[in-house]
Amino acid sequence: MQLELSEEDRAFREEMRDFFTTKVPEEIRDAVKEGRELSKDQIVASQQALNAAGLAVPHWPEQYGGRGWSDLRRHLWNEEMQRAFVPAPLAFNTSMIGPVLAQFGSEELKERFMAPTANLDVWWSQGFSEPDAGSDLASLRTTAVRDGDDWVVNGQKTWTTLGQYGDWIFTLVRTNPDVKKQAGISMLLIDMTSPGLEVRPIELIDGGHEVNEVWFSDVRVPGANLVGEVDGGWTIAKFLLGNERVGVAPVAATKRNLALAKERYADRITADPLLAARVAELENELLALELTALRVVAHSEGGEPHPASSVLKLKGTELQQAVSELAVDLAGPASLASGADEGSALPGFARRATPTYLNLRKASIYGGSNEVQRQIISKTILGL
Amino acid sequence: MDFTYDDEQVALRDAVRGLVGKTYSDHEHRRQTVNEDPGFDEKQWARMAEMGILGLPFAESDGGVGAGPVEIGIVAQELGRVIAPEPFLACVVLAGGLVSAAGSAEQREEILGAVAEGERVLALAHDEPGRGWVPTASAVTATEQGGAWTLEGVKEPVVQGARADTLVVTAALPDGGTGLFLVDGDAADLQRSSYRTYDGGRAAKVTFSGTSATPLGEVADRESTVATILDVGRITAANEALGSMETALRLTTDYLKSRKQFGVTLNTFQALTFRAADMYVSLELASSMVQWATMVLMSGDAQAASDAARRTSLQVSRAARHVGQEAIQLHGGIGVTAEYAVGNHVARLTALDHLLGDGTHHLGELVGRIGDHEGVDPLH
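Conventions and cut-offs
- Residues numbered from 1 in each chain as written.
- Chains lettered and ligands numbered in written order.
- Predicted model: local features only at pLDDT ≥ 70, side-chain atom pairs only at ≥ 80, totals over all residues.
- Heavy atoms only, no water.
- Helix = DSSP H or I, 4+ residues; strand = E, 2+ residues; numbered from the N terminus.
- Rg over C-alpha atoms; globule rule 2.2 N^0.38 Å.
- Buried < 20%, exposed > 50% of the residue type's maximum accessible area, 1.4 Å probe, protein only.
- Contact = heavy atoms within 4.5 Å.
- Areas by Shrake-Rupley, 256 points an atom, 1.4 Å probe, with all protein chains shown as cover.
- Lys, Arg positive; Asp, Glu negative; His and termini not counted.
- Charge placed at Lys NZ, Arg CZ, Asp CG, Glu CD.
- Domains from an automatic or database assignment.
- Buried area = accessible area lost by both parts, 1.4 Å probe.
- Salt bridge = Lys/Arg side-chain N within 4 Å of Asp/Glu carboxyl O.
- Polar contact = N/O pair within 3.5 Å; in protein donor to acceptor, adjacent residues only side chain to side chain.
- Phe/Tyr/Trp six-rings, centres within 6.5 Å; stacked < 30°, edge-to-face > 60°.
- Lys NZ or Arg CZ within 6 Å of the ring centre and 35° of its normal.
- Core = buried A, V, L, I, M, F, W, Y, C linked by side-chain atoms within 4.5 Å.
- Axes fitted to C-alpha atoms, helices over the stretch in contact; angles between N-to-C directions.
- Parallel < 35°, antiparallel > 145°, perpendicular 65-115°, else oblique.
- Nonpolar A, V, L, I, M, F, W, Y, C, P; charged D, E, K, R; others polar.
- Pairing = 2+ DSSP bridges.

Student: What is the right way to read the overall build of chain B from this model?
Tutor: Within chain B, the regular secondary structure consists of eleven helices and nine strands. Relative to a compact globule of 380 residues, whose C-alpha radius of gyration would be 21 Å, chain B shows 21 Å and is just as compact. Based on the C-alpha atoms only, the size of chain B along its principal axes is roughly 80 × 50 × 40 Å. Buried residues in chain B amount to 58% of all 380 residues. A separation threshold of at least 6 residues defines the contact pool for chain B, and within that pool the share at least 24 residues apart is 71%. Split by element, the accessible area of chain B, about 14,800 Å² in all, is 48% carbon and sulfur. Of the side-chain charges in chain B, 30 are positive and 52 negative, and the distance between the mean point of each set is 9 Å.

Student: Honestly, the domain arrangement of chain B in this entry has me stumped. Any pointers?
Tutor: Bring the parts together and some accessible area is lost; that lost area is often taken as the interface size. Residues and elements named next belong to chain B. According to the domain assignment, chain B contains domain 1 (7-120), domain 2 (123-215) and domain 3 (223-372). With centres defined by C-alpha atoms, the gap from domain 1 to domain 2 works out at 22 Å. Between domain 1 and domain 2, the contact holds 20 residues from the first and 16 residues from the second. Carbon and sulfur atoms make up 57% of the area that domain 1 and domain 2 hide from each other, which totals about 1,400 Å². If you sort the residues of domain 1 by the area they bury against domain 2, Leu98, Gln107 and Arg120 come out on top, with a joint share of 28%. The tally of links between domain 1 and domain 2 comes to two salt bridges. For the pair domain 1 and domain 2, the interface holds nine residue pairs in polar contact (both at pLDDT 80 or more).

Student: Whenever I open this one, the interface of chain A and chain B confuses me. Can you help?
Tutor: Chain A puts 44 residues into the contact, and the matching count from chain B is 47 residues. Counting each side, the surface lost to burial between chain A and chain B is near 4,400 Å², with a carbon and sulfur contribution of 67%. Counting across the interface, chain A meets chain B through five salt bridges. B:Glu284 is the partner of A:Arg295 in a salt bridge, and the nearest nitrogen-oxygen pair spans 3.0 Å. There are 14 residue pairs in polar contact (both at pLDDT 80 or more) connecting chain A and chain B. Among the secondary structure elements, those contributing two or more residues to the side of chain A that touches chain B are helix H1 (7-22), helix H4 (71-83), helix H8 (251-264), helix H10 (273-298), helix H11 (309-331) and helix H14 (370-381) of chain A.

Student: Hey, could you run me through the packing of aromatic side chains in this one?
Tutor: Aromatic ring pairs are described here by two measures, namely the spacing of the ring centres and the angle between the planes. Here the structure, examined in full by the defined rule, presents 15 aromatic pairs over all chains. For the ring pair A:Trp124 and A:Trp168, a centre distance of 6.1 Å and an interplane angle of 50 degrees mean the geometry is tilted. With A:Trp124 in strand E1 (residues 124-127) and A:Trp168 in strand E4 (residues 168-174), this residue pair connects regions lying 44 residues apart in the sequence. Judged by centre distance (5.6 Å) and plane angle (55 degrees), the rings of B:Phe40 and B:Trp45 are tilted. The exposure class of B:Trp45 is buried, given its relative accessible area of 1%. Within the aromatic cluster, the residues linked to one another by ring pairs are A:Phe113, A:Trp124, A:Phe128, A:Trp168 and A:Phe170. The side chain of A:Arg200 reaches across the aromatic face of A:Trp215, ending 4.2 Å from its centre.

Student: Hey, could you run me through the side chain of A:Ser186 in this one?
Tutor: Residues and elements named next belong to chain A. Examined against the element boundaries, Ser186 turns out to sit in strand E5 (residues 185-191). Residue Ser186 is classed as buried on the basis of its relative accessible area of 0%. Separated by 2.7 Å, the side chain of Ser186 and the backbone nitrogen of Asp231 make a polar contact. Each residue touching Ser186, except ones within four places of it in the same chain, is listed here: Thr171, Leu172, Val173, Thr175, Leu226, Glu229, Val230, Asp231, Gly232 and Gly233.

Student: Looking at this model, I keep getting lost on the nonpolar core. Mind explaining?
Tutor: Nonpolar side chains tend to gather and get buried jointly when the protein is soluble and globular. A:Phe20, A:Phe170 and A:Leu189 are the most contacted members of the largest nonpolar core, which has 189 residues in total. Filtering out sequence-adjacent residues up to four positions away, A:Leu189 remains in contact with A:Ile97, A:Leu101, A:Leu109, A:Phe113, A:Trp124, A:Trp168, A:Ile169, A:Phe170, A:Val221, A:Asn225 and A:Val227. Counting 20 residues, the second largest nonpolar core, distinct from the first, contains B:Trp149, B:Val158, B:Leu167 and B:Ala187.

Student: What is the right way to read the environment of A:Phe349 from this model?
Tutor: Residues and elements named next belong to chain A. Relative to the elements of secondary structure, Phe349 occurs in helix H12 (residues 348-351). Between the C-alpha atoms of Phe349 and Glu14, which are 335 residues apart in sequence, the distance is 29 Å. Every residue in contact with Phe349, bar those within four places of it in the chain, is listed here: Glu34, Arg264 and Tyr265.

Student: I keep staring at the packing of H14(A) against helix H8 (residues 270-298) of chain B and nothing clicks. Help me out?
Tutor: Two quantities define a packed helix pair, namely the angle between the axes and the distance from one axis to the other. Direction vectors running N to C along H14(A) and H8(B) enclose 85 degrees, while the axes themselves pass 9 Å from each other. When the interaxial angle is binned, H14(A) and H8(B) end up roughly perpendicular. Each of A:Glu371, A:Arg374, A:Gln375, A:Ile377, A:Ser378 and A:Ile381 in H14(A) lies in contact with H8(B), whose residues at this interface are B:Gln270, B:Thr273, B:Phe274, B:Ala277, B:Asp278, B:Tyr280 and B:Val281. Residues of the contact of H14(A) with H8(B), tallied by class, amount to six nonpolar, four polar and three charged.

Student: Help me understand the pairing of E5(A), please; the structure alone is not making it clear to me.
Tutor: Residues and elements named next belong to chain A. By the criterion of burial, E5 is predominantly enclosed, with six of the seven residues buried. In this structure, E4 lies alongside E5, joined through seven bridges in antiparallel fashion. For Phe170, the partnering residue across the bridge sits in E5 and is Leu189.

Student: Help me understand the environment of A:Asn93, please; the structure alone is not making it clear to me.
Tutor: All names here are of chain A. Its place among the elements puts Asn93 in helix H5 (residues 91-104). Apart from residues lying up to four places away in sequence, Asn93 is in contact with Trp60, Gly98, Pro99, Thr117, Leu120, Val122, Trp123 and Trp124. Here Thr117 takes part through its backbone oxygen, which lies 3.0 Å from a polar atom of the side chain of Asn93. A polar contact is formed between the side chain of Asn93 and the backbone oxygen of Val122, at a distance of 2.7 Å.

Student: Which parts of the structure should I look at to understand unusual backbone geometry?
Tutor: Leaving glycine aside, a negative phi is the common case for residues, and trans is the common case for peptide bonds. Looking along the chain, the bond that leaves B:Asp37 and enters B:Pro38 is cis, with omega of 5 degrees. Tracing the backbone through its elements, the reader meets B:Pro38 in the loop between helix H2 (27-35) and helix H3 (42-51). A positive phi is found at A:Trp159, a non-glycine position, where the angle reads about 60 degrees. Positionally, A:Trp159 belongs in the loop between strand E3 (150-157) and E4. Positive phi outside glycine occurs at B:Gln160, with the angle close to 55 degrees. Looking at where B:Gln160 falls in the secondary structure, it is placed in the loop between strand E3 (148-159) and strand E4 (166-172). For B:Gln160, a relative accessible area of 4% translates into the label buried.

Below, the structure is given as structure tokens:
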């Protein structure tokens, strides 16, 4: 047992800190700090700055731009990135489809997509959830039927985050209706400019347009766009969701947001012991979460996520939500002014606190709802 | 950064687990043991001495083993796993820790050597009626006359105060500050009335009435030494609680899988399994904190250790109440009986929570320091 970072890891952390605070455009980092919505161009510019320095996809296989870092270094990379208010590389590209293609994709698909995926030249969307297939993802009904070399896709996906920017969508489709539901699913890569594909916005309670419905009407998809085997999509989906669970524990960003709240409302927090106790307790729980994340990454070698990654998802999203709730309470009456523009006398972070809080209710629902995580813990870990 | 035990530490864990597991995995045996004075098994204490456990934290030159916080944490976890009633925390870590930190070379060798051999039991007489969890003394006062020291006042509760061969006593010094003294268990003008505590242990009211006392080391204000050892004790208690919580959760999941109601086992009911999942979450988070605090203790930085002790005590206090209360509830009535282990784990967890400061106490301390850092960074 040993706590200290080695000299090399300490130097690595310095290097990361230096890069993130000096090489990513400041206006992008300010937007993140102030909780403003990022434009597509800003997200792309940030990821490309990272990718140019080899910092967008360090966890990928080395032949595709991975760095072969230790889990600790990946943790430090992520921590410093969040601390500097650098937007994380687009998860759909770097955490989801990239690792899937590296593991399951044909040589042709890898050749075509790995580099543009890392560089966000191709923006990926996720076509998993459907109106009747949420937590019960395997009951999805969007169909793909063979027609010569092509597949013809019909159905509807939903909750497609940032689908309005998407170039391509990795989609789970039913290719065999006659077998157990998990055994008849495949994954197709679909060009979002295909005829018959339509993206419709869903407005959320925060007033924003973050998610979409995606409709497929006789969309033709070339056979070469199949990932892995026909009817082998469920294995790929589980692989992807396992990675997603680790990825969605937003430890560093939540820590950073709590530190910001402390800084912005320092006088009130010091003057009010109840507020101070809330902050101190959240800090402590975040410390426990971060330490658990360090323990889990250290034991996830070899691809299979540690079963305790469910703990990270569950507790990580609860704390993320709790800190956003604190920010609304600290903003007080100013939290009402969500529609005010820059002419407002109230600070931007106070005006944006409530939309952020309302938006983040999603965190305990996506990536396998927290109830699904409890199911995983009780079944897989506790054997109940 | 590394969260794993090395081979020797694994061997220590297995050896201690074998020793205490053999004695107390049969809960009925523990029950019989704590029903009789002094509330622990003297033969087991001797076997622990033989294994080197009782001299673990002391320097080799004092007759100890010179092991570090990780080894002490391992022992505490294993004792907690079977709620072994032997007073490792009170005698070795707290009272022994103070002798080790403040005693003269002569005192250390004489006392700690005997503790390590299992020949002498120490108790820390520190808590005073009306005040708790502070590193100072006020109700017991020390007076000097012609180079001889006497003590006056009451300490209570003193864990194993009646059984102890030697008491390590905190007392207010004539010129202010908190001094440390040794008092023989059979000293004249010393009154000890012992009683049973709800966790199966023993504690005493100890009354000093002009009782002769020997200064531990030089007479000096030892507040910071006491504070440091209390922090070591907190991290040790957290390790012990961790072992106990692990058992409480395991007993609960075993029970859910075997107990039948309405013709089916209890794990058929999601209302119960989800609560067990939440217990696991609490336990994992507490475990991470305990391991971290134990490593911070290794650094030897008293300020960092104090902070880590408070943070861990807070996390473990919250977790122990959650895990303990739910463990009983998910068992049903059997959980509150003395004959079944789980309720006794909850009793011990409650005692550990209140021995050196509960969660809210430590939260109060953390609140006082809230403005002195931007965030909490576990890696250095």
